[in-house]
Structure formats: C-alpha cells, structure tokens
Amino acid sequence: MSLDALFQSLQLGGLTLPNRVIMAPLTRARARATPANVPTPLMAQYYSQRADCGLIVSEAIAIHPKGMGWYRVSGLWNEEQVTGWSVVTKSVHDAGGRIYAQLWHMGRLVLPDYLGGELPIGPSPIAGVGETMAPPPADYDGGFLPMKPYVVPREMAQADIDEVIAAFGQGAAHALEAGFDGVEIHGANGYIIDQFLQSNSNTRTDGYGGSVENRVRLLREVVSAVTARIAPNRVGLRISPTSERKGMGDANPAALAEAIASLAQEFGLGYIHLIEPIASGFMEKPDKPVIDRVRALFRGVLIQNGSFDGPTADACIAAGEADAVSFGRPYIANPDLVTRMREGLPLAAPNFDFAYVGEARGYTDYPPLSDGL
Ligand SMILES: Cc1cc2nc3c(=O)[nH]c(=O)nc-3n(C[C@H](O)[C@H](O)[C@H](O)COP(=O)(O)O)c2cc1C
C-alpha cells in the first residue's frame, strides 16, 4: 500500500522526523508507587519498542504534586523522577527515536485522596463531570482501582496561579535535564489549562476569566514560562477546544481556537497537536471542527489526532489539512505500527483491562508482527 504523504520526512524544531506518524500521549500508569511517580526500566522498554515513529509524545507527566491525581503516573518535579526519565530518553535515542515530554497538571480533576484530604485547585468552584480512579485500598491486588466522582475545587488565588506557571517552567527545565528532545504543554482534555480556556469551567471575574483574551491568559503565561527554559520551536501545545468531555464546553470554540492558534504563532511554537474529530471513545465528532481556523492562523507544524488509520491519516496529510497525524489507541497493541501501516498489515486489538493498570502484561508484551512470520 502506498501511503506516500504519511511516510515523508518532516522538519520539526531542528529535528528531522523520518515519517509523519506521531505516537500520541498515552497514560499507562506503570511508574513506581514508591518512590512515588518515578519512571521504571519497563517504561524504557515500552517506549523504545515504538521508537521508529516520527516522534513519541510521552504519557502525561505530572509537573507538581498538586496536579497529580492518578495512581502510578509519572512525575517530573523531583530529581529521582528526572533520573528515571533519563533512562527512558536514552533508550529511545539509542533505538534511533525522538521523544517529547507532555507536561501535565490536572487542576480540578485531582481527587482529595491524592492531596491528603485537601481540595484540588481549579479556576472556579465547578466540579468536573464524571468519576476517576482513586488510590488503591490497603489490600490492593493490582486489579481495577475504585472509582470516585470529581469534587468541587477550591477557586485558585493568584498565588496558586503563580505556582502552576512556575511548575510548568520547572517541568520544562527538568525535561531538558532528563534528555527529552522537547516538551508538549498539555492544554487539552479538561485539565488545568483547558479548565481556564473553556467558558463552562471558568467563570472568574478577574483577568483570567470572562473574555477569550482573559481565558487564554494562563496559557500565555505558561507558554512564556516554558519558552524561557526551552527554545519555542521545541515546544508543542496539545488542545481540544471542541471537546465536551468531563463537563467541558465553550460558548464559541472557533473563537477560542483562533485565540490559541494566534498565541502559538506569536510565540513561534513548534507545533499544535489538535484532538478532533474522534469518531468514538474520546470525544464525539464536533459539529463545527476548528482545524481550518487553526491552520489559517498557525504556520508551525499541525498534528491532527483522533480515530485515524493509515489511509485516512495519509489522505489528511496529502490534502494539506495537517502536517502529521498522531495515533493513540493503535499504539497500545502495535509496537510496530509504522511497519504495519506501511505494509498494509492487520493491526492487533488492545486489551483495555491493562490500559491503566499492571506491569508488563498488556504493556510491553504485545509482539511485533515479525515475531510471527
Ligand atoms: C489509555 C489511554 C491513555 C491516554 N492518555 C493520554 C495522555 O496521557 N495525554 C493525552 O493528552 N491524551 C491521552 N489519551 C488520548 C490519546 O492521546 C488520543 O487523543 C486518543 O486515544 C484518540 O486518538 P486515537 O483515536 O488514535 O486513539 C489517552 C488515551 C488512551 C486510550
């Protein structure tokens, strides 16, 4: 099968990506429980198995304990975590790959269980919609974690906002120290930056709420802090302005997307990673996609995400809608996704029982097709 557009090389932030297949960020929760949130050699194996894609975007990495609300996700706020990540980045580089760190703060979506009983922080006292995984019970056997509903967060004071901005800057510096090739700011999926961006979750009356310009202010200050530590062309931004999951929603997603794209252009960011449309699973296909608005205002690399396969990704790039396409769920069970798509070979189906819990099973034990040939 000829997928010429998908397998062309691409320049990004001074790197030459050998193809336009991007591994989307996937939280897999395989970091250590103690010492907390420290990456493991198993994670190095998992990522290096997938190193032949154009670029790996790491799983979401918590940049501050107050922004961490998920058992065994990885962190990047202390030296042990930096050391753990440097083993991962070295093994990806040794395998010929490139890897960016996704910098993450969950804001209102952190359960008090992870905060010693304190409330999480958010732009406004409005709870996310839905439930999430609580820490394990004392007799935990490694299976599914208990679920609890999101809570009403404490409205952030200026000091909280300043702390979050500083944490993103520090996270970028730690990412460089750990050997990452760049960073992706997680501004999508209902986490803290998205909570400020979208009007459903932000009803502030100060300079961070109300107008689109105000709601974009936290993002502007985060981008400013991150680009003070790492060259702007090595910084990407992930967004999902049309997503309504977890209680998100915006009065005018097109205007919001334009403001974000203009900001990314102003700072000269390397890429925007847009999640839309997704036919199933993560968000419904929006009535009015914003990809064209982003494309018109942002001249860096545009990565599109959501329910693509090889042929649809190739068509998207060939039509000039995006420069590259990222794949999330297909990467769980297909470490050799690049080869399978290039050769038109069948894809393996993931076992979602092990998506967010476990060790090697359902993580590093999916074989490449060549093992069976
Ligand atoms: C197990 C799992 C974990 C995910 N973790 C993250 C994450 O850490 N950060 C993020 O931005 N998106 C995350 N996502 C969303 C994916 O990056 C992607 O947007 C989504 O799977 C849709 O793309 P796909 O249709 O190619 O799977 C996750 C998705 C799955 C299935």
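Thresholds, definitions, all that
Residues numbered from 1 in each chain as written. Predicted model: local features only at pLDDT ≥ 70, side-chain atom pairs only at ≥ 80, totals over all residues. Heavy atoms only, no water. Helix = DSSP H or I, 4+ residues; strand = E, 2+ residues; numbered from the N terminus. Rg over C-alpha atoms; globule rule 2.2 N^0.38 Å. Buried < 20%, exposed > 50% of the residue type's maximum accessible area, 1.4 Å probe, protein only. Contact = heavy atoms within 4.5 Å. Lys, Arg positive; Asp, Glu negative; His and termini not counted. Charge placed at Lys NZ, Arg CZ, Asp CG, Glu CD. Pairing = 2+ DSSP bridges. Axes fitted to C-alpha atoms, helices over the stretch in contact; angles between N-to-C directions. Left-handed = near helix turned anticlockwise from the far one by under 90°. Nonpolar A, V, L, I, M, F, W, Y, C, P; charged D, E, K, R; others polar. Near = heavy atom within 4 Å. Polar contact = N/O pair within 3.5 Å; in protein donor to acceptor, adjacent residues only side chain to side chain. Areas by Shrake-Rupley, 256 points an atom, 1.4 Å probe, with all protein chains shown as cover. Disulfide = S-S within 2.5 Å. Salt bridge = Lys/Arg side-chain N within 4 Å of Asp/Glu carboxyl O.

Colleague: So what's going on with the overall build of the protein? Residues and values would help.
Modeller: Helices and strands together make up the secondary structure of the protein, namely 11 helices and 14 strands. Relative to the compact-globule value of 21 Å for 373 residues, the protein shows a C-alpha radius of gyration of 19 Å, a close match. The principal-axis extent of the C-alpha atoms belonging to the protein is close to 60 × 55 × 35 Å. Counting over 373 residues, the protein shows a buried share of 57%. Long-range pairs, those at least 24 residues apart, make up 72% of the contacts in the protein between residues at least 6 apart in sequence. Here the protein contributes 30 positively and 40 negatively charged side chains, and the mean placements of these two sets differ by 1 Å.

Colleague: I'd like a rundown of the sheet that holds strand 14 (residues 324-327), residues and numbers included.
Modeller: Taking strand neighbours around the barrel as the criterion, the eight strands line up as 3-4-5-10-11-12-13-14 in a closed arrangement whose pairing is parallel. With direction set aside, neighbouring strand axes in the sheet form an average angle of 25 degrees. In terms of strand pairing, strand 11 (residues 235-239) meets strand 12 (residues 271-275) through four bridges, oriented parallel. Each bridged residue has a counterpart across the sheet, and for arginine 238 the counterpart in strand 12 is histidine 273.

Colleague: With reference to specific residues and values, describe the packing of helix 3 (residues 158-177) against helix 6 (residues 217-227).
Modeller: It is the contact of helix 3 with helix 6, at a shortest axis distance of 8 Å, that shows an interaxial angle of 35 degrees. For helix 3 against helix 6, the interelement crossing comes out right-handed. Here helix 3 contributes Ile161, Ile165, Phe168, Gly169 and Ala172 to the contact with helix 6, which in turn contributes Leu218, Glu221, Val222, Ala225 and Val226. Considered class by class, the residues forming the contact of helix 3 with helix 6 number eight nonpolar, one polar and one charged.

Colleague: Which residues make up the environment of leucine 274, and what values do they have?
Modeller: Within the element layout of this structure, leucine 274 appears in strand 12. When near neighbours in sequence (up to four residues on either side) are disregarded, leucine 274 contacts Ile239, Pro241, Val290, Ile291, Leu302, Ile303, Gln304 and Asn305.

Colleague: I'd like a description of the site of the ligand, backed by residues and values.
Modeller: The environment of the ligand is formed by 19 residues, the closest being Thr27, Arg238, Asn305, Ser307 and Arg329. In this structure, an oxygen atom belonging to the ligand sits 2.8 Å away from a main-chain N or O atom of proline 25. Between an oxygen atom of the ligand and a side-chain N or O atom of histidine 186, the distance comes to 3.1 Å. For the ligand, whose free accessible area comes to 610 Å², the fraction covered by protein is 96%.

Colleague: Tell me about the state of the cysteines, and please be specific about residues and values.
Modeller: Working definition of a disulfide: a covalent bond connecting the sulfur atoms of two cysteines. In total, this model carries zero disulfides according to the counting rule given. Of all cysteine sulfurs in the structure, the one in cysteine 316 sits closest to cysteine 53, which takes part in no disulfide; the separation is 17 Å.

Colleague: Report on the environment of phenylalanine 7, specifying residues and quantitative values.
Modeller: Here phenylalanine 7 lies in the segment before strand 1 (10-12). Considered as a pair, phenylalanine 7 and methionine 341 are 334 residues apart in the sequence and their alpha carbons are 9.7 Å apart. What phenylalanine 7 contacts, discounting residues up to four positions off in sequence, is Pro18, Asn19, Val21, Val338, Met341 and Arg342.

Colleague: Now, about unusual backbone geometry: what can you tell me, with residues and values included?
Modeller: Cis geometry is found at the peptide bond from threonine 34 to proline 35, where omega equals -10 degrees. Topologically, proline 35 is positioned in the loop between strand 3 (21-23) and helix 1 (41-49). If you check the backbone angles, arginine 72 has positive phi at about 65 degrees while not being a glycine. Relative to the helices and strands, arginine 72 is located in the loop between strand 4 (55-62) and helix 2 (79-94).

Colleague: Help me get a handle on the pattern of salt bridges, residues and values and all.
Modeller: Following the criterion strictly, the structure yields 11 salt bridges and no others. Its salt-bridge partner being glutamate 258, residue arginine 293 comes within 2.9 Å of it at the nearest N-O pair. Of this pair, arginine 293 sits in helix 8 (residues 291-297) while glutamate 258 sits in helix 7 (residues 253-267), and the two are 35 residues apart along the sequence. Overall, the relative accessible area of 39% leaves arginine 293 in the partly exposed class. Close ionic contact of aspartate 323 with arginine 295 constitutes a salt bridge, the shortest N to O distance being 2.8 Å. Residue aspartate 323 is located in the loop between helix 9 (310-318) and strand 14, and its partner arginine 295 is located in helix 8; the two are separated by 28 residues in the primary sequence. With a relative accessible area of 15%, aspartate 323 lands in the buried category.

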